[in-house]
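Descriptive analysis of the structure
Next come the chains, spelled out residue by residue.
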Amino acid sequence: MTNTRIFLVRHALVEPSARALIYGSMDVALCDLALRQEALSYRWLAARLPVGARWVVTNLSRTRATAAAIFAAGYPEAPLQTEPDLAEQHLGEWQGLSHEAFAEKIRHKPHPFWPHAAEEKPPGGESFAEMVERVAPVLERLAAETPGGDIVIVAHGGSIRASIAHAMGLTPHQALIFSIKNLSLTRLEKQGEAWRVAAVNEEPFTPVAA
């Protein structure tokens, strides 16, 4: 039975002006200061990710910039395949609003660990539940195209949670429970017709000071 391994990396921290907004699928830049401060995380990812893997990014530049930083930290540079359907949730007319203005727009009780409920669908946008339906077939296709191989996907908090939802058969609401930090690593495996979750939200190990 073939075992395809998928390594999902959440992109690095975005610039402060973007973090002040609900940016969703807007194309925002990474934070220059964080790029320097997170050198340990990039070196850890460069050593942790499997050499020779197929690399996938989304159409949003923050994923491509994160991949470039991992290459600069020591991972052998690889071609980047773009998959727009792995992009972050599109929040329609609410993208670009401040967090306070966004909170006034939502119509459902927000999730305890997310700014909005899984069923919340902004005007002109999509709900997180719809995002899970968008991400799932891409995961299946990539796994089918790479039997027995390794795939690194630099993606977003939303699309990584959507991937976990698909692999585990969770409801969208349940999937929003997972913490997916910037530059964390989530590992999924496709064995035959079944999905296995190997790890979620891995971070570099930092020894405790004596």
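Structure shown above.
The text that follows walks through the structure, step by step, so that each part is easy to find. (Residues numbered from 1 in each chain as written. Predicted model: local features only at pLDDT ≥ 70, side-chain atom pairs only at ≥ 80, totals over all residues. Heavy atoms only, no water.)

With that settled, the discussion passes to the overall build of the protein. Check the secondary structure of the protein and you find 8 helices and 6 strands. What you see in the protein, going N to C, is helices and strands ordered as β-α-α-α-β-α-β-α-α-β-α-α-β-β. A compact globule built from 210 residues would reach a C-alpha radius of gyration of about 17 Å, and the protein, at 17 Å, matches this within 12%. Viewed in the frame of its principal axes, the protein has a C-alpha envelope of about 45 × 40 × 40 Å. Intrachain contacts of the protein at a sequence separation of at least 6 include 72% that bridge at least 24 residues. When the accessible area of the protein is evaluated, it comes to approximately 9900 Å², of which 55% is carbon and sulfur surface. In the protein, 20 positive and 23 negative side-chain charges are present, and the distance between their average locations comes to 4 Å. (Helix = DSSP H or I, 4+ residues; strand = E, 2+ residues; numbered from the N terminus. Rg over C-alpha atoms; globule rule 2.2 N^0.38 Å. Contact = heavy atoms within 4.5 Å. Areas by Shrake-Rupley, 256 points an atom, 1.4 Å probe, with all protein chains shown as cover. Lys, Arg positive; Asp, Glu negative; His and termini not counted. Charge placed at Lys NZ, Arg CZ, Asp CG, Glu CD.)

Here we take up the environment of A68. Along the chain, the position of A68 falls in helix α4 (residues 61–72). Sequence separation between A68 and A78 is 10 residues, and the spatial gap between their C-alpha atoms is 9.5 Å.

Tracing the sequence through the fold places S98 in the loop between β3 (80–82) and α5 (99–105). Take S98: its relative accessible area is 26%, and that puts it in the partly exposed class. Each C-alpha atom of the pair S98 and T58 lies 24 Å from the other, and the pair is 40 residues apart in sequence. When residues no more than four places from it in sequence are discounted, the contact partners of S98 are A20, L21 and I22. (Buried < 20%, exposed > 50% of the residue type's maximum accessible area, 1.4 Å probe, protein only.)

So, on to the pattern of salt bridges. Following the criterion strictly, the structure yields 12 salt bridges and no others. Among the salt bridges present, the one from E202 reaches R48, with a minimum N-O distance of 3.4 Å. Of this pair, E202 sits in strand β6 (residues 194–202) while R48 sits in helix α3 (residues 39–48), and the two are 154 residues apart along the sequence. The buried category is assigned to E202, whose relative accessible area is 17%. Accessibility expressed as a relative area gives 29% for R48, which makes it partly exposed. (Salt bridge = Lys/Arg side-chain N within 4 Å of Asp/Glu carboxyl O.)

The next point concerns the packing of aromatic side chains. Summed over all chains, the structure comprises 4 aromatic pairs. Among the aromatic residues, those joined into a ring-pair cluster are W55, F71 and Y75. (Phe/Tyr/Trp six-rings, centres within 6.5 Å; stacked < 30°, edge-to-face > 60°.)

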